[in-house]
Amino acid sequence: MEDKQMNYKLLSIILLALSLSACGNKEQHAEPAAVKADAATVYKNFCISCHGANLQGGEGPNIQKVGERLSEEEIILRIQKGGGGMPPFQVALKDEELKALATWLAGLK
Ligand code: HEC
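Residues numbered from 1 in each chain as written. Predicted model: local features only at pLDDT ≥ 70, side-chain atom pairs only at ≥ 80, totals over all residues. Heavy atoms only, no water.

Identification of the protein as C-type cytochrome from Paenibacillus aestuarii is taken from an unreviewed UniProt entry.

And the structure:
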């Protein structure tokens with residue numbers, strides 16, 4: 001009887017250890033994805049409705065070559081503050097999303 005209880009105890013310890021390590025692994029995998037924002041995805045979620053699937057414009061202007069007109073800093077400010085019919089995204093976007101988006105747009109020339 002005691003042996004059996006011992007076995008159960010052991011088994012539950014092993015199961016606990018397994019589930020803990022599984023959990024740890026999951027977190028490790030989730031982290032880089034959360035930190036590394038994907039500009040195209042952010043664009044799709046927040047900008048596509050006005051600037052179009054190909055950045056060709058619509059309600060907002062064409063920004064296919066916005067890097068020729070605006071620097072990365074100017075683009076960041078533009079996205080943060082909005083203005084002239086564009087809403088501000090300062091609150092909606094995480095810093096790394098904003099940065100990824102601006103770096104990508106500033107490179108379009
Ligand atoms: C509700 C519509 C709308 C949404 C959503 C929107 N914009 Fe705009 N955007 C505009 C309008 C309208 C302008 C032009 C404003 C003006 O004339 O000053 C503009 C201007 C810009 C400019 C300046 C272009 C230039 O040549 O000066 C950039 C860059 C820009 N938007 C990027 C973005 C990004 C990035 C997002 C997503 C985070 C976004 N916009 C979401 C409507 C929008």
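### With respect to the pattern of salt bridges
Pairs can form between side chains of opposite charge whenever their charged atoms are close. A complete count under the given rule lists 2 salt bridges for this structure. The partner of glutamate 72 in a salt bridge is lysine 99, and the shortest N-O contact between them spans 2.6 Å. On the criterion of sequence distance, the pair formed by glutamate 72 in helix 5 (residues 72-81) and lysine 99 in helix 6 (residues 95-106) is long-range, its members being 27 residues apart. Under the relative-accessibility criterion, lysine 99 is labelled partly exposed at 45%. A salt bridge links lysine 94 to glutamate 97, with the shortest nitrogen-to-oxygen separation between them at 3.8 Å. By relative accessible area, lysine 94 is classed as partly exposed at 47%. Its relative accessible area of 15% is what places glutamate 97 among the buried residues. (Salt bridge = Lys/Arg side-chain N within 4 Å of Asp/Glu carboxyl O. Helix = DSSP H or I, 4+ residues; strand = E, 2+ residues; numbered from the N terminus. Buried < 20%, exposed > 50% of the residue type's maximum accessible area, 1.4 Å probe, protein only.)

### Section: the nonpolar core
Residues Ile75, Ile79, Leu93, Leu101 and Leu105 are the most contacted members of the largest nonpolar core, which totals 19 residues. It is helix 6 that provides the largest number of residues to this core, a total of 6 residues. Sequence-distant contacts of leucine 93, defined by excluding residues within four places in its chain, comprise Val42, Phe46, Ile79, Leu98 and Leu101. (Core = buried A, V, L, I, M, F, W, Y, C linked by side-chain atoms within 4.5 Å. Contact = heavy atoms within 4.5 Å.)

### Observations concerning the coordination of the iron atom of the ligand
Coordination sphere of the iron atom of the ligand, protein contribution only: His51 (NE2) and Met86 (SD), at 1.9 to 2.2 Å. Considering all 6 donor atoms around the iron atom of the ligand, the spread of angles at the metal, 82 to 179 degrees, places the coordination shape in the octahedral class. Of this pair, histidine 51 sits in helix 3 (residues 48-51) while methionine 86 is found in the loop between helix 5 and helix 6, placing the two residues 35 residues apart along the sequence. Given a relative accessible area of 22%, methionine 86 falls into the partly exposed group. (Donors = N, O, S within 2.8 Å, 3.2 Å for Na, K, Ca; no water. Tetrahedral: all angles 85-135°; square planar, octahedral: opposite > 155°, others 65-115°.)

### Focus on the site of the ligand
Of all residues adjacent to the ligand, which total 22 residues, the nearest are Cys47, Cys50, His51, Arg69 and Met86. Here histidine 51 contributes a side-chain N or O atom positioned 2.7 Å from a nitrogen atom of the ligand. At a separation of 2.6 Å, an oxygen atom of the ligand approaches a polar side-chain atom of arginine 78. Elements supplying a minimum of two residues to the shell around the ligand: helix 3, helix 4 (66-69), helix 5 and helix 6. Looking at the shell around the ligand element by element, the count peaks at 3 residues for helix 3. Looking at the shell around the ligand residue by residue, the class counts come to 13 nonpolar, 6 polar and 3 charged. (Near = heavy atom within 4 Å. Polar contact = N/O pair within 3.5 Å; in protein donor to acceptor, adjacent residues only side chain to side chain. Nonpolar A, V, L, I, M, F, W, Y, C, P; charged D, E, K, R; others polar.)

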